[in-house]
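The chain contents come next:
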Amino acid sequence: MTEVRGTAGLRSRSGPFGRTAGARRRAAALVCVPLLALGAGGCAKDDTGSGSGGTAKYPTTTIELMAPAAPGGGWDSTARALQKTLTDSKLVTESVEVYNVPGAGGTLGLSQLVTKNKGDSHQLMVTGLVMIGGVVTNKSPVKLSQVTPIATLTAEQEVIVVPANSKYTSLQQLMTDAKANPSSINWGGGSAGGTDQILVGLLAKAAGADPKAMKYVAYSGGGESKAALLSGDLTAAVSGASEYSDLVAAGKLRALAVSGSTGIDVGAGKPTPTIKESGYDVELMNWRGLVAPPGIKDGERAAIIKLVDDLHSSAQWKQTLTEQKWEDFYRSGDEAKAYFESENDRITDVLSEIGLAD
């Protein structure tokens, strides 16, 4: 596995994980200094956090922010937006370094955070809905429940599209046929167990169809699914709302529904109705959030949450949301923890129903 790091730019580091600043800090902490002024000998106590409450001074050194995917994707862009806002808004005086640990739906990065970075409050990781599916489909021995939840940050609606010449002009027409004859509908979207396939499973369940009977083709990128739609290989496809907006605007695809609570324009010049407005009790947001390793002190957790609360309140973060067309999906602290747990239960159940979980 290759670990890619960067602040202003990127540099590659080989080896399974490399030697991080966290490891260097821990090594340095082993050096003992005689406390001559106190008339005693021993090692100075690391007092960067509180074990029983209060808010620690944070950060005290470089924040290392992991994107558990390759550069250029949603987790990576979220990590770099966090980095830029924290430094440009002067919310921190220490540096913020972003690095990438790609592979296995984010579970390689998750494993590193839980096992190698345990107890290190200056190691943070971007995560999201896709990682829940990654844990299940990759049978990861490390679970998202093992991390320390900090916050949910942003979310993007999913959109269901068909070719412009399709006979389907509404989601209800599509799901009626999907229920009556599942093999007649070829669905396409992103990786197996990801947000797109989860939405297909939820839709099937809501429509009274068998989720396991849905024919779903997983593509590695949006370009492949676009080509399959335009060639007629796919009946319908699912992706993030921005993925197909160019082809909808060009009149080559028709948007049937979006997965959020409010209809949005995905290129047609008017809001596309929601799935709920189309008659199915389904709502799904492709959310992204921030977590810390397990084993950090209570005061460190409180300090990280306060820092991210301040980031969320900043004018620059609001500008970032607008520029990136991300929806504000903010929860922090215990509220974030409860949301992580409920989403993990819900999505794991769906993956079981569509045959991707044991």
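Preceding block: the structure.
Just so it is clear, the model here is predicted, and its values are computed rather than measured.

A word on the overall build of the protein chain. Secondary structure summary: the protein chain contains 11 helices and 12 strands in total. Out of the 358 residues in the protein chain, the part that is buried amounts to 50%. A separation threshold of at least 6 residues defines the contact pool for the protein chain, and within that pool the share at least 24 residues apart is 74%. Surface exposure of the protein chain reaches about 15600 Å², of which carbon and sulfur atoms provide 51%.

Counted according to the given criterion, the structure contains 1 cavity of 30 Å³ or more. In this structure, the largest cavity is lined by Tyr 58, Ile 63, Leu 65, Leu 82, Leu 86, Leu 124, Leu 290, Ile 304, Leu 307, Val 308 and Leu 311. Listing elements by their share of the lining of the largest cavity, those giving two or more residues are β3 (63-67), α2 (74-88) and α9 (298-313). No other element matches α9, which puts 4 residues into the lining of the largest cavity. A class-by-class count of the residues in the lining of the largest cavity yields 11 nonpolar, no polar and no charged.

This paragraph deals with the packing of aromatic side chains. Counting across every chain of the model gives 4 aromatic pairs. With 6.5 Å between their ring centres and 45 degrees between their planes, Trp 317 and Trp 326 make a pair best called tilted. Taken as a pair, Trp 317 and Trp 326 share a single burial class, namely buried. Between Phe 329 and Tyr 339, the aromatic rings sit 5.6 Å apart at their centres with planes inclined by 75 degrees, giving edge-to-face as the arrangement. Pair noted here: Phe 329 is in strand β12 (residues 327-332) and Tyr 339 is in helix α11 (residues 334-353), with a separation of 10 residues, a long-range link. Look at Tyr 339 and you get buried, because its relative accessible area is 15%. Three or more aromatic residues joined by ring pairs form one cluster here, namely Trp 287, Phe 329, Tyr 339 and Phe 340.

Within the secondary structure layout, Arg 80 lies in helix α2. Sequence separation between Arg 80 and Ala 67 is 13 residues; the distance between their C-alpha atoms is 8.8 Å. One polar contact links Arg 80 to Asn 100, side chain to side chain, over a distance of 3.1 Å.

Burial runs high along strand β11 (residues 285-292): 8 of the 8 residues are buried. Alternating positions in β11 separate into two faces, Met 285, Trp 287, Gly 289 and Val 291 on one and Asn 286, Arg 288, Leu 290 and Ala 292 on the other, with burial throughout. Where strand β5 (residues 123-128) meets β11, 4 bridges bridge the pair, whose relative direction is antiparallel. Bridge pairing in β11 places Thr 127 opposite Gly 289.

In the contact formed by α2 and helix α10 (residues 315-324), the axes pass within 9 Å of each other and the chain directions differ by 150 degrees. Taken together, the axes of α2 and α10 are roughly antiparallel relative to one another. Of the two elements, α2 crosses α10, and the hand of that crossing is right-handed. The segment α2 lies against α10, with Ala 81, Leu 82, Lys 84, Thr 85 and Asp 88 engaging Gln 316, Trp 317 and Thr 320. Looking at side-chain class alone, the contact of α2 with α10 contains 3 nonpolar, 3 polar and 2 charged residues.

Within helix α4 (residues 129-137), 7 of the 9 residues are buried, which leaves it mostly tucked inside the rest of the structure. Restricting attention to buried positions, one finds in α4 the residues Leu 129, Met 131, Ile 132, Gly 133, Gly 134, Val 135 and Val 136. Two residues or fewer past α4, Lys 139 is found with a positive phi of approximately 50 degrees.

A few words on the nonpolar core. Counting 83 residues, the largest nonpolar core has Leu 110, Ile 160, Leu 171, Leu 174, Trp 187, Ile 275 and Leu 290 as its most contacted members. Here Ile 275 is in contact with Ile 160, Leu 171, Leu 199, Leu 203, Ala 257, Val 258, Ser 259, Tyr 280 and Val 282, once residues within four sequence places are set aside. Membership of the second largest hydrophobic core comes to 15 residues, among which are Val 161, Leu 234, Ala 237 and Val 258.

What counts and what doesn't
- The written sequence of each chain sets the order in which its residues are numbered from 1.
- The predicted nature of this model means local features are confined to residues of pLDDT at least 70 and side-chain atom pairs, given and counted, to a pLDDT of 80 or more, with totals for whole chains, interfaces and linings taken over all residues.
- Excluded from the side-chain calculations are hydrogens and water; all other atoms, namely the structure's heavy atoms, are used.
- Helical segments are the DSSP runs of H or I of at least four residues, strand segments are the runs of E of at least two, and each set is numbered from the N terminus.
- Each residue gets one of three labels from its accessible area relative to the maximum for its type: buried under 20%, exposed over 50%, partly exposed in between, using a 1.4 Å probe on protein chains only.
- Note on contacts: a residue pair is in contact if any heavy atoms of the two residues lie within 4.5 Å.
- Using the Shrake-Rupley algorithm and a 1.4 Å probe, accessible areas are obtained, with residue cover drawn only from the displayed protein chains.
- Here a cavity denotes grid points, spaced 1 Å and computed from the protein atoms alone, that fit a 1.4 Å probe unable to get out, and a pocket denotes an open set having protein on both sides within 12 Å along at least 5 of 7 lines; residues with an atom within 4 Å of a point are the lining.
- Grid points are joined across faces, edges and corners, and a volume is the space filled by probe spheres set on the points.
- As a working rule, the residues Ala, Val, Leu, Ile, Met, Phe, Trp, Tyr, Cys and Pro are called nonpolar, Asp, Glu, Lys and Arg charged, and the rest polar, with Gly in that last group.
- Between 30 and 60 degrees the pair is tilted, below 30 it is stacked and above 60 it is edge-to-face, where a pair is any two Phe, Tyr or Trp rings, Trp via its six-membered ring, whose centres lie within 6.5 Å.
- Any N or O atom pair separated by 3.5 Å or less is treated as a polar contact, with the protein-specific requirement of one donor-capable and one acceptor-capable atom, and with residues adjacent in sequence counted only for side-chain atom pairs.
- Strands are treated as partners if at least two bridges between them are detected by DSSP.
- Only C-alpha atoms enter the line fits that serve as axes; for helices the fit covers just the stretch in contact. Angles between N-to-C directions range over 0 to 180 degrees.
- Throughout, the term roughly parallel applies to angles under 35 degrees, roughly antiparallel to angles over 145, roughly perpendicular to angles from 65 to 115, and oblique to all others.
- Two helices cross in a left-handed way if the nearer one is turned anticlockwise from the farther one by less than a right angle. They cross in a right-handed way if the turn is clockwise.
- Throughout this description, the term nonpolar core refers to a set of buried Ala, Val, Leu, Ile, Met, Phe, Trp, Tyr and Cys residues connected via side-chain atoms within 4.5 Å.

Purely geometric numbers; function is a separate question.
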